[in-house]
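Structural characterization, general
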Amino acid sequence: MSTNTVDGSTKNKEMETVLLDLIKTLEDSQKGFADIGDHLKDISLKRFFLARASSVPTSAPNWRTNSTAQGMADVKESGTVAGAIHRTWGDLKAKLGGDDHGLLETAEQGEDEAKKSLRKGSRS
């Protein structure tokens, strides 16, 4: 568990863990939307994904700022290892000639993982 809490209480440690997971999930989502958007051939899908990617990062810095204001150490996360592997898989699919349908399936799988992560955090 994290030790950079305001008062060291178990509740604060748990909240920090949930907050860090949320920030990592937001980072994964932003990068995932951008990566898929870069590879899509359909221009309307490309625009949607790139627009979605640019809207996600506005949340993560706000969470970082608020957590720092509450006394937590500065949070500089770059997503999860699983998210990086998933994005690499999407890149590989695209480079091997994957079509938009295959890339959309990859995006859907990533979003399913993000939802699982967020549900897990809301139960903590």
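See the structure shown above.
Let us look at the structure shown here.

**Topic: helix α4 (residues 81-95)**
Look at α4: 21 Å from first C-alpha to last across 15 residues, which is about the 21 Å you get at 1.5 Å a residue. Among all positions of α4, only Gly-83, Arg-87, Gly-90 and Ala-94 are buried. Viewed along the axis of α4, the buried residues span an arc of 55°, placing them on a single side of the element. Projecting away from the buried face of α4 at angles above 90 degrees are the exposed residues Val-81, Ala-82, Ile-85, Thr-88 and Lys-95.

**Here's the deal with the nonpolar core**
Formed by Leu-22, Leu-26, Phe-33, Ala-34, Ile-36, Leu-40, Phe-49, Ala-53, Val-56, Ala-94, Leu-103 and Ala-107, the largest nonpolar core amounts to 12 residues. If you list the elements that add at least two residues to this core, you get α1 (10-39), α2 (43-55) and α5 (100-123). By residue number, the principal contributor to this core is α1, which donates 5 residues. Filtering out sequence-adjacent residues up to four positions away, Leu-103 remains in contact with Ile-36, His-39, Leu-40, Gly-90 and Ala-94.

**Observations concerning a nonpolar patch on the surface**
Together, Trp-89, Leu-92 and Leu-96 give the surface a local cluster of nonpolar side chains, amounting to about 340 Å² of exposed area. Position of Leu-96 among the secondary structure elements: in the loop between α4 and α5. The class for Leu-96 is exposed, based on a relative accessible area of 69%.

**Notes on the layout of surface pockets**
Taken as a whole, the largest pocket holds about 520 Å³ of empty space. In terms of lining, the largest pocket is formed by 26 residues, of which the most central are Asp-28, Gly-83, Gly-110, Glu-113 and Ala-114. Going through the elements one at a time, α1, α4 and α5 are the ones with two or more residues in the lining of the largest pocket. At 10 residues, α1 tops the list of elements feeding residues into the lining of the largest pocket. Taken together, the residues of the lining of the largest pocket sort by class into 6 nonpolar, 11 polar and 9 charged.

Cut-offs used in this document
- Residues numbered from 1 in each chain as written.
- Predicted model: local features only at pLDDT ≥ 70, side-chain atom pairs only at ≥ 80, totals over all residues.
- Heavy atoms only, no water.
- Helix = DSSP H or I, 4+ residues; strand = E, 2+ residues; numbered from the N terminus.
- Expected span 1.5 Å × (residues − 1).
- Buried < 20%, exposed > 50% of the residue type's maximum accessible area, 1.4 Å probe, protein only.
- Arc of directions from axis to C-beta.
- Core = buried A, V, L, I, M, F, W, Y, C linked by side-chain atoms within 4.5 Å.
- Contact = heavy atoms within 4.5 Å.
- Patch = residues over 30% accessible without salt bridge, like charges linked within 9 Å, V, L, I, M, F, W, Y side chains within 5 Å.
- Areas by Shrake-Rupley, 256 points an atom, 1.4 Å probe, with all protein chains shown as cover.
- Salt bridge = Lys/Arg side-chain N within 4 Å of Asp/Glu carboxyl O.
- 1 Å grid on protein atoms, 1.4 Å probe; cavity = no way out; pocket = protein on both sides within 12 Å on 5 of 7 lines; lining within 4 Å.
- Points joined across faces, edges and corners; volume = space filled by probe spheres on them.
- Nonpolar A, V, L, I, M, F, W, Y, C, P; charged D, E, K, R; others polar.

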